[in-house]
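# Structure assessment
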Amino acid sequence: DDQFDNLEKHTQWGIDILEKYIKFVKERTEIELSYAKQLRNLAKKYQPKKNSKEEEEYRYTACKAFLSTLNEMNDYAGQHEVISENMTSNITVELARYVQELKQERKSYFHDGRKAQQHIEICWKQLESSKRRFERDCKEADRAQQYFEKMDADINVTKADVEKARQQAQARHQMAEDSKADYSSILQKFNHEQHEYYHTHIPNIFQKIQEMEERRIVRIGESMKTYAEVDRQVIPIIGKCLDEIVKAAESIDQKNDSQLVIEAYKSGFEPPGDVEFEDYTQPMKRTVSDNSLSNSRGEGKPELKFGGKSKGKLWPFIKKNKVLMVGPSVK
């Protein structure tokens, strides 16, 4: 009985392990779907809006490569959806069905085991009952025999009473013989049943339970392999997605993008000529006789002239008619 209790606990633990693994895989599939959804939403979020300035930006090779990355992320997300679908169909659904079958199989074996136990217990009770009856009848027969012998030895007892005592003793003796035969038959039957129970029925049930347990262990191992294979199957396609991203990155042409900027922003502006030198020392060279103090005071101040260019012509680095401080160019 203890063995059945122990096996019941162990096999229930085995089913619990299976159900725990099913729950683990189910949660993994939910993570894969959630991850795929997040990747798709991320790719969608960064897609250029139609008829917008963003769409014009994708003339540049770097932006085209980024667009390719976004498109590949959608395919990448699709492979995580494939992982979820295959794990669901090949593991969780199959294992859930198997667990139900396993529970029924386990139930039938322990039902047969309990039934066999009950049968041998009933046989034992029958044996005990027949043995007690045989023992009681033997004692009764012995007492009847002693009573007869006592009556037969007493000269004061009538022959009729002696005969009655003799018949009672014979009847009790016959009952004891019948009980003995019944006890012997039941004992023989019990020994046969007990031999069958311990050498045939219980070993067969234990063997079936062992085979059931080993199938369960093999099944969970196969499911773990499937778990890895489902992941492995998408690796080539995910690899292709990553290869396409690398290919797009390698197609980026910095010279082409620079030329697009040059073409977009060239102004056709001609650089200004040199600024003429204005010599402020000319008045110092004049003599006093040539120029009086009064005349020199009346002379206007010299004006700064820009290389013969008109004052209305702005330089490319001028804002609001003020010259920007421009440092040396960096190459």
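Our subject is the structure that appears above.
Our subject in this report is the structure included herewith. In this text the structure is predicted, and so the values were computed from the model without any measurement.

Analysis parameters
- Residues numbered from 1 in each chain as written.
- Predicted model: local features only at pLDDT ≥ 70, side-chain atom pairs only at ≥ 80, totals over all residues.
- Heavy atoms only, no water.
- Helix = DSSP H or I, 4+ residues; strand = E, 2+ residues; numbered from the N terminus.
- Buried < 20%, exposed > 50% of the residue type's maximum accessible area, 1.4 Å probe, protein only.
- Contact = heavy atoms within 4.5 Å.
- Areas by Shrake-Rupley, 256 points an atom, 1.4 Å probe, with all protein chains shown as cover.
- Axes fitted to C-alpha atoms, helices over the stretch in contact; angles between N-to-C directions.
- Parallel < 35°, antiparallel > 145°, perpendicular 65-115°, else oblique.
- Left-handed = near helix turned anticlockwise from the far one by under 90°.
- Nonpolar A, V, L, I, M, F, W, Y, C, P; charged D, E, K, R; others polar.
- Salt bridge = Lys/Arg side-chain N within 4 Å of Asp/Glu carboxyl O.
- Lys, Arg positive; Asp, Glu negative; His and termini not counted.
- Polar contact = N/O pair within 3.5 Å; in protein donor to acceptor, adjacent residues only side chain to side chain.

### Here we look at the overall build of the chain
Per the secondary structure count, the chain includes 7 helices and 2 strands. Walking the chain from its N terminus toward its C terminus, one meets helices and strands in the order α-α-α-α-α-α-α-β-β. Out of the 331 residues belonging to the chain, those deemed buried represent 24%. At a minimum sequence separation of 6, the contacts of the chain that also span at least 24 residues come to 86%. When the accessible surface of the chain is summed, it comes to about 24700 Å², and 54% of that surface belongs to carbon and sulfur atoms.

### Things to note about the environment of Glu8
Structurally, Glu8 can be placed in helix H1 (residues 2–45). In this structure Glu8 comes out as partly exposed when scored by relative accessible area, which is 26%. For the pair formed by Glu8 and Phe110, sequence separation is 102 residues and the distance between their alpha carbons is 7.7 Å. What Glu8 contacts, discounting residues up to four positions off in sequence, is Arg106, Phe110 and Arg114.

### Digging into the packing of H1 against helix H4 (residues 159–250)
Here H1 crosses H4 at 15 degrees, and the two axes come no closer than 12 Å. When the interaxial angle is binned, H1 and H4 end up roughly parallel. Judged by the sense of rotation from one axis to the other, the crossing of H1 with H4 is left-handed. When the residues that make up the contact of H1 with H4 are grouped by side-chain class, the tally is 18 nonpolar, 5 polar and 4 charged.

### Side note on the pattern of salt bridges
What the rule picks out here adds up to 16 salt bridges. With a closest N to O distance of 3.7 Å, Glu135 and Lys139 form a salt bridge. You can see Glu135 and its partner Lys139 sitting in helix H3 (residues 61–153), 4 residues apart, about one turn around the helix. The exposure class of Glu135 is partly exposed, given its relative accessible area of 43%.

### Focus: the side chain of Asp257
Mapped onto the secondary structure, Asp257 falls in helix H5 (residues 254–265). Lys64 provides the closest opposite charge to the buried, salt-bridge-free Asp257, at an N-O distance of 7.6 Å. A polar contact is formed between the side chain of Asp257 and the backbone nitrogen of Ala62, at a distance of 3.4 Å. If near-sequence neighbours (up to four positions away) are discounted, Asp257 is found in contact with Tyr60, Thr61 and Ala62.

### So, the packing of H1 against H3
Packing of H1 against H3 brings their axes to within 8 Å, and their N-to-C directions diverge by 165 degrees. Between H1 and H3, the angle falls in the class roughly antiparallel. As H1 runs across H3, the sense of the crossing is left-handed. Its residues placed into classes, the contact of H1 with H3 shows 25 nonpolar, 11 polar and 11 charged.

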